[in-house]
Amino acid sequence: MTLPPNVYDAEPIPEAAREEIERLLQSGDLFRYTAPEDAPVTLLETDFAEMMGTRYALAVSSCSAALFLSLKALGLPRGARVMIPAFTFAAVPSSIVHADCDVVLCECGDNYRIDLEDFHAKLPNVQAVIISHMRGHTSDMDAIMKACDSAGIPVIEDAAHSLGTLWNGQKIGTIGKIGCFSFQSYKMVNSGEGGILITDDADAVARAIIMSGAYEHMWKKHKARHGENSNDLVEALERWQNKLPLYNLRLSNMSAAIARSQLPELARRVRDGRRNHDRVAEIIEQSPWITVPAKLEAEVRAPDSLQFNLEGLSDDETRAFQDAAAARGVKVQVFGMSTDNARAFWNWQFITDLPELPKTRAMLLRACDTRLPARLTVEQCQTIAQALVAAAEDVMGQVKAYGT
Ligand SMILES: *Cc1c(COP(=O)(O)O)cnc(C)c1O
């Protein structure tokens with residue numbers, strides 16, 4: 001029997017990064033604002049803005065930091081209500097708590113995306129929206145932007161796990177006012193820790209730059225996308241000079257050099273990740289006990305993990321499926337069944353008056369999560385897929401036999 005692959009190891013850091021890392025080790029030049037110009041963090045920002053087609057990018061210590069700074073950049077008053085999908089990572093509501101705002105949770109459907117009925121019902125009572133494209137599943141951005149634009153409500157995209165995803169041909173993260181990405185090791189670009197926010201709004205990025213820790217006149221080292229005039233940015237930065245608190249959420253040159261070296265790898269990772277995902281989905285969908293929710297029409301996905309739903313399994317059978325898959329060498333996490341899961345909203349007990357969201361809860365109790373990194377071969381993916389199908393049979397085949 002072929003053993004399933006290790007899905008936790010990351011890809012090696014590209015050879016191209018070695019020279020820059022060696023230079024940083026030699027010089028000890030790790031702080032982004034020491035070099036007079038072209039520090040690795042600045043180059044990451046200008047390259048990333050260029051790649052995404054936005055005017056500005058600000059690299060910071062994590063996507064969570066980017067989300068927090070985005071909220072602060074919007075200038076929301078204390079106690080402002082910010083809506084997020086109830087299916088997201090605990091860091092997302094946390095960023096709202098840090099920004100002294102209140103969390104409003106929106107129901108998600110069994111396709112992992114925002115439930116638009118609940119979204120429209122709650123929108124009139126919020127001042128901002130963060131759309132988490134959780135595990136790279138894009139919510140209906142046409143409907144969301146139409147509603148938010150007509151109500152004058154700013155949208156921040158949490159595209160932490162969506163680098164390379166397209167919506168109607170447009171890059172995810174460029175649709176809302178601000179887009180945020182993660183460079184944590186399980187995302188498409190891995191620098192261990194790190195994040196970046198992108199926007200076309202000079203005022204928003206100026207505020208975020210200063211609050212991220214560009215004290216005194218460090219901000220003079222920030223630039224617009226290659227070849228773009230930075231006058232708007234400079235004017236905005238001068239306007240906000242000394243008016244904002246510093247949170248010091250900067251990225252180091254070492255992390256930036258590592259992240260930057262992977263930007264040329266992105267297209268391949270996206271292509272291979274999609275191939276792997278679609279191959280596994282095709283196989284496991286043959287099982288009567290498994291469904292893989294379809295992507296939305298406008299979406300071209302960039303997955304590096306796989307989510308699927310168990311159909312017709314009880315709680316005990318769902319737990320038995322996790323165990324059977326583990327016994328076959330594939331670790332599956334049912335979001336709502338694993339203890340203290342950071343993606344199950346009922347564990348976010350730092351939120352006061354935590355609401356009940358029955359649709360999202362029902363989804364989380366049957367939704368399975370498996371890593372499926374882009375570096376896997378199609379053969380390795382097939383091994384994983386076959387193990388999942390067999391694990392469902394281990395559990396449900398037996399139950400059927402008992403019934404006869
Ligand atoms: C990973 C992730 C985050 C947090 O990113 P960090 O860089 O670890 O702070 C936020 N939202 C989503 C959807 C994520 O996948």
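Quick note: structure is the one above.
The paragraphs below set out a description of the structure included in this document. Nothing here was measured: the structure is a model prediction, and the numbers come from that model.

## Overview of helix α9 (residues 253-260)
Moving on, step 1. When you tally the buried positions in α9, you get seven out of eight residues, the bulk of the element.
Moving on, step 2. If you check which residues of α9 are buried, you get Asn253, Met254, Ser255, Ala256, Ala257, Ile258 and Ala259.
Moving on, step 3. Of the surrounding elements, those touching the buried residues of α9 are α1 (17-27) and α2 (40-52).
Moving on, step 4. Two or three places before Met254, at the opening of α9, Ser252 has a side-chain oxygen 3.2 Å from that residue's backbone nitrogen.

## Re the site of the ligand
Moving on, step 1. In the vicinity of the ligand, 13 residues are found, and the nearest of them are Cys63, Ser64, Asp158, Ser182 and Lys187.
Moving on, step 2. Within the contact set of the ligand, an oxygen atom lies 2.8 Å away from a side-chain nitrogen or oxygen of Lys187.
Moving on, step 3. Summarising the interface, the protein chains cover 91% of the accessible area of the ligand, which totals 390 Å² for the free molecule.
Moving on, step 4. Among the residues making up the shell around the ligand, the classes are represented as five nonpolar, six polar and two charged.

## Considerations on the nonpolar core
Side chains of a nonpolar character, in soluble globular proteins, are inclined to be buried together.
Moving on, step 1. With 63 residues, the main nonpolar core has Ile130 and Leu197 as its most contacted residues.
Moving on, step 2. Once residues lying within four places of it in the same chain are set aside, the contact partners of Leu197 are Tyr56, Ala57, Leu58, Ala66, Leu69, Ser70, Ile178, Gly179, Cys180, Val205 and Ala208.
Moving on, step 3. Counting residues in each nonpolar core, the second largest holds 42 residues, with Met141, Ile144, Ala259 and Val270 among its members.

How each quantity is defined
- Residues numbered from 1 in each chain as written.
- Predicted model: local features only at pLDDT ≥ 70, side-chain atom pairs only at ≥ 80, totals over all residues.
- Heavy atoms only, no water.
- Buried < 20%, exposed > 50% of the residue type's maximum accessible area, 1.4 Å probe, protein only.
- Helix = DSSP H or I, 4+ residues; strand = E, 2+ residues; numbered from the N terminus.
- Contact = heavy atoms within 4.5 Å.
- Polar contact = N/O pair within 3.5 Å; in protein donor to acceptor, adjacent residues only side chain to side chain.
- Near = heavy atom within 4 Å.
- Areas by Shrake-Rupley, 256 points an atom, 1.4 Å probe, with all protein chains shown as cover.
- Nonpolar A, V, L, I, M, F, W, Y, C, P; charged D, E, K, R; others polar.
- Core = buried A, V, L, I, M, F, W, Y, C linked by side-chain atoms within 4.5 Å.

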